[in-house]
Amino acid sequence: MLPYESFVEKLSRDFDSIPETSETKSGVIFPLFGTNTTAEGIILTERAKHLKSHPGQISFPGGVMETSDPNLLVTALREWEEEMGVKQTTLDVLGKLQGLHTRTGFHITPFLAKYNGDFLFSKNDDEVERVILLPFSELWTKPFYAIEIPNREPKHFAYYFDLPDGLLWGATCEMILRFLKDHSSFDRTPKLVKPNLAKPPFLDPKSL
């Protein structure tokens, strides 16, 4: 559990600036759930299995910036409503986290928010397979792995949590780890393993 007062004042409130990059820009909501004073976990989605991009992957609600969006927060909030089927008024936006460059040509800006709703989501079945409530406790206790990405200088690693709800990896996992390392006591060292799949996610923990 993380008291909001322990990290909220450290967050950026610059919601209007847009990254100066040629990459495809996207905004996501990093939604926390818990009490009025303490965050107890993260709300995530499993992407629909028929999607062309990252089917079945655990992710944050969010998407690509449209030309009509004045900033990426508007993008993220619009996508939240479209994917989760609840109004953006269920969120209290706390601040902006560090953006992430992906190897697939995207720049993702996450916006940390406190969810104040009743968890009665009307998810968009075209985009979302299911909604996942991830308690922070699982990130401290469930298997945690890393593989070294070949031919990358300096050395770069991909990280994985083997959770009851599935494999958490990729950009979503990276953003969660950054948040935990910056704003909590998280200090776990992943088990370094060899990739055992030829294509993403490159790791199947069940076969280790």
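Now for a quick tour of the structure. (Residues numbered from 1 in each chain as written. Predicted model: local features only at pLDDT ≥ 70, side-chain atom pairs only at ≥ 80, totals over all residues. Heavy atoms only, no water.)

Now for the overall build of the chain. Looking only at helices and strands, the chain features three helices and 13 strands. Rg of the C-alpha trace for the chain: 17 Å, near the compact-globule value of 17 Å for 208 residues, within the 12% margin. By its C-alpha atoms, the chain is 45 × 35 × 35 Å across when sized along the principal axes. Expressed as a percentage of the 208 residues in the chain, the buried residues total 48%. Surface accessibility of the chain: about 10,900 Å² in total, with carbon and sulfur atoms responsible for 50%. Here the chain contributes 23 positively and 29 negatively charged side chains, and the mean placements of these two sets differ by 7 Å. (Helix = DSSP H or I, 4+ residues; strand = E, 2+ residues; numbered from the N terminus. Rg over C-alpha atoms; globule rule 2.2 N^0.38 Å. Buried < 20%, exposed > 50% of the residue type's maximum accessible area, 1.4 Å probe, protein only. Areas by Shrake-Rupley, 256 points an atom, 1.4 Å probe, with all protein chains shown as cover. Lys, Arg positive; Asp, Glu negative; His and termini not counted. Charge placed at Lys NZ, Arg CZ, Asp CG, Glu CD.)

With that settled, consider the pattern of salt bridges. If you walk through the whole model with that rule in mind, you get ten salt bridges. Put simply, Glu79 and Arg78 hold a salt bridge, and the shortest N to O gap is 3.4 Å. The buried category is assigned to Glu79, whose relative accessible area is 9%. Here Glu82 ties to Arg78 by a salt bridge, and the two come within 3.7 Å at their closest N and O atoms. Here Glu82 pairs with Arg78, and both are found in helix α1 (residues 72-84), just four residues apart, close to one helical turn. Within the structure, one salt-bridge network assembled from shared partners comprises Glu66, Asp69, Arg78, Glu79 and Glu82. (Salt bridge = Lys/Arg side-chain N within 4 Å of Asp/Glu carboxyl O.)

This paragraph deals with the sheet that holds strand β10 (residues 144-148). Pairing in this open sheet of four strands is mixed, and the strands run β12-β11-β10-β13 from one edge to the other. Across the chains shown, the open sheet's two edge strands, defined by having one partner strand only, are β12 (166-169) and β13 (191-192). Relative to β12, strand β11 (residues 157-163) is paired through four bridges, and the arrangement is antiparallel. The residue of β12 that forms the bridge with Leu163 is Gly166. (Pairing = 2+ DSSP bridges.)

Applying the stated criterion across every chain yields a total of 17 aromatic pairs. For the ring pair Tyr160 and Trp169, a centre distance of 6.4 Å and an interplane angle of 15 degrees mean the geometry is stacked. The residues Tyr160 and Trp169 share a single accessibility class, namely buried. Three or more aromatic residues joined by ring pairs form one cluster here, namely Tyr4, Phe7, Phe30, Phe60 and Phe179. Of note, Lys114 hangs over the ring of Tyr4, and the distance from its end group to the ring centre comes to 5.0 Å. Here the basic side chain of Lys181 rests over the ring of Tyr159, its NZ or CZ set 5.4 Å away from the ring centre. (Phe/Tyr/Trp six-rings, centres within 6.5 Å; stacked < 30°, edge-to-face > 60°. Lys NZ or Arg CZ within 6 Å of the ring centre and 35° of its normal.)

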